[in-house]
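One letter stands for each residue in the lines below.
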Amino acid sequence: MVSTPAINMRVTKVGDTPLIKSISIGGSIGLPHLYFKTESANPTHTQKDRAALALVMDARNSGYLGLTIGTCGNFGASLAIFCNLYDLQCTVFMPGRYKGARGREMEQEGAVVIYTDKGYEEAVAESANYALINKLYDANPTSLRAAHTSIEAYTKISSEIDRDIIGEVESVWVAVGNGTTLAGVSEGFRLLGKNPIVGAVSSKDNNAILTSFDQKAIVELDPESLTETHVNEPLLNHQAFQV
C-alpha cells in the first residue's frame, strides 16, 4: 500500500485493494475458488492509480516540473489527480473522439488536455515528442523508464493476491490493453518465486498483444480493422507496446 498526503481527501491510499471471492459467477461456471481483485477500489477506480502514483513520484524526485501521457481516458484522469496532488504540470494527449467525462475530470484537476485527430497510439507518439521538446517526464509506455516504473508498481498486485489467497494461486487472468499491467503481474509472481498461469483477456481480434502471442511473433494490426465500442475501448491496441 502506498499512502498519500491528506491534502486531497479523495486520495487516501493506492493499492491494497480487496480480493473478493465470487459466489454466483464462480459457482455457475464450476470454479468454487474464483476470486476478483477489485482494482475499482483505487481512487479513480482503476489499477492505473498504482502506475500513476509511481510515475508522478519518479518525475517529482527526479526534478521534473511536469509530465505528459497519451491516453484514451483512465490513465490521464489518474495522472491528473496525482500531478495536482504533488504540484506537477500534467499534459494529456487524447484522441478527439473520446471527449467526455474523463477529459473534463482532467481539466478540473488542472491538466492541459490536447485532443488529437487520430487514435491512441498516435496520441502516445505526440505526447512522447512533446515530452522531448519541452523537457517533461515521458510517462508513456513507449518510454523504457516509464514502462519499468509502471511494471514495478503493478508487481504489488501479485504480492497482494499471494498474501490474501489461502493456498497456491493456480492462475491469474488480466484484462489487457497495451500489456503493462499483465507484464507487472507476471513479474510480481516471478519475484515471489511463484509460477501460476498468467493469462491475458482482451477484445477479440482487436488487440495486438494477444495476436502477437497467438502468432508467436510481434504483430501490428491494421488500425482500420479494429472494431471499437464504448465497452472495449480500453482494450483496443494495434501496436504491441509491451509484448
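Anything mentioned here points back to the structure above.
Keep in mind the model is a prediction, meaning the values are calculated, not measured.

This part covers the nonpolar core. Ranked by internal contacts, the top residues of the largest apolar core, which has 50 residues, are Val56, Leu67, Leu79, Cys90, Met106 and Ile161. For this core, the leading source of residues is helix H3 (residues 74-85), giving seven residues. When sequence neighbours within four positions are dropped, the list of residues in contact with Ile161 reads Leu19, Lys37, Val169, Val172 and Phe189.

The residue Glu187 is located in helix H7 (residues 180-191) in this model. Residue class for Glu187 comes out partly exposed when judged on its relative accessible area of 25%. Residues Glu187 and Gly100, spaced 87 residues apart in sequence, show a C-alpha to C-alpha distance of 34 Å. Not counting the four nearest positions on each side in its chain, Glu187 is found in contact with Ile151 and Thr155.

Now for the pairing of strand E10 (residues 197-201). Across five bridges, the pairing between strand E9 (residues 171-175) and E10 is parallel. Bridging across to E10, Ser171 finds its partner in Ile197. What joins E9 to E10 is H7, and the crossover it makes is right-handed.

A word on the pattern of salt bridges. Tallying each qualifying case throughout the model produces eleven salt bridges. For the salt bridge of Glu39 with Arg50, the shortest nitrogen-to-oxygen distance reads 2.6 Å. Here Glu39 is found in the loop between strand E4 (35-37) and helix H2 (48-61), whereas its partner Arg50 is found in helix H2, with eleven residues between them in sequence. Of the two residues, Glu39 and Arg50, neither departs from the other in class, the shared state being buried. For the salt bridge of Glu105 with Arg102, the shortest nitrogen-to-oxygen distance reads 2.8 Å. With Glu105 and Arg102 both in helix H4 (residues 101-108) and three residues apart, the pair spans about one turn of that helix. In this structure Glu105 comes out as partly exposed when scored by relative accessible area, which is 31%.

The next thing to look at is H3. The terminal C-alpha atoms of H3 lie 17 Å apart, and with twelve residues this matches the ideal 16 Å at 1.5 Å per residue to within 8%. Among the twelve residues that make up H3, ten are buried, leaving the element largely enclosed by the rest of the structure. When we look at burial in H3, the residues that qualify are Phe75, Gly76, Ala77, Ser78, Leu79, Ala80, Ile81, Phe82, Cys83 and Leu85. One or two residues past the end of H3 sits Asp87, with phi positive at roughly 60 degrees.

Glancing now at the packing of H3 against H4. Axis separation between H3 and H4 bottoms out at 8 Å; the angle between their running directions is 15 degrees. As summarised for this structure, H3 and H4 are arranged roughly parallel, according to the angle between their axes. Once H3 is placed against H4, the crossing between them reads as left-handed. Residues Asn74, Gly76, Ala77 and Ala80 of H3 touch H4, and the partners they reach there are Arg102, Glu105 and Met106. Along the lines of polarity and charge, the residues of the contact of H3 with H4 split into three nonpolar, two polar and two charged.

A few words now on a nonpolar patch on the surface. Taken together, the side chains of Ile25, Ile29, Leu31 and Phe36 make up a nonpolar region of the molecular surface, amounting to roughly 360 Å² of accessible area. Among the structural elements, Phe36 can be located in strand E4.

Within this structure, the stated rule accounts for two aromatic pairs. Consider the rings of Tyr64 and Tyr137, whose centres lie 5.4 Å apart with planes at 85 degrees: the pair is edge-to-face. Residue Tyr64 is found in the loop between H2 and strand E5 (66-70), and its partner Tyr137 is found in strand E8 (residues 137-138); the two are separated by 73 residues along the sequence. Accessibility expressed as a relative area gives 27% for Tyr64, which makes it partly exposed. On the numbers, 5.3 Å between centres and 65 degrees between planes, the contact of Phe93 with Tyr130 is edge-to-face. Of this pair, Phe93 sits in strand E6 (residues 89-95) while Tyr130 sits in helix H5 (residues 120-134); the two residues are 37 residues apart in sequence, bridging distant segments of the chain. Overall, the relative accessible area of 5% leaves Phe93 in the buried class. When the ring centre of Phe75 is taken as origin, the NZ or CZ atom of Lys48, which lies over that ring, is 5.2 Å away.

How each quantity is defined
- Residues numbered from 1 in each chain as written.
- Predicted model: local features only at pLDDT ≥ 70, side-chain atom pairs only at ≥ 80, totals over all residues.
- Heavy atoms only, no water.
- Core = buried A, V, L, I, M, F, W, Y, C linked by side-chain atoms within 4.5 Å.
- Buried < 20%, exposed > 50% of the residue type's maximum accessible area, 1.4 Å probe, protein only.
- Helix = DSSP H or I, 4+ residues; strand = E, 2+ residues; numbered from the N terminus.
- Contact = heavy atoms within 4.5 Å.
- Pairing = 2+ DSSP bridges.
- Right-handed = clockwise from strand over helix to strand, strands pointing away.
- Salt bridge = Lys/Arg side-chain N within 4 Å of Asp/Glu carboxyl O.
- Expected span 1.5 Å × (residues − 1).
- Axes fitted to C-alpha atoms, helices over the stretch in contact; angles between N-to-C directions.
- Parallel < 35°, antiparallel > 145°, perpendicular 65-115°, else oblique.
- Left-handed = near helix turned anticlockwise from the far one by under 90°.
- Nonpolar A, V, L, I, M, F, W, Y, C, P; charged D, E, K, R; others polar.
- Patch = residues over 30% accessible without salt bridge, like charges linked within 9 Å, V, L, I, M, F, W, Y side chains within 5 Å.
- Areas by Shrake-Rupley, 256 points an atom, 1.4 Å probe, with all protein chains shown as cover.
- Phe/Tyr/Trp six-rings, centres within 6.5 Å; stacked < 30°, edge-to-face > 60°.
- Lys NZ or Arg CZ within 6 Å of the ring centre and 35° of its normal.

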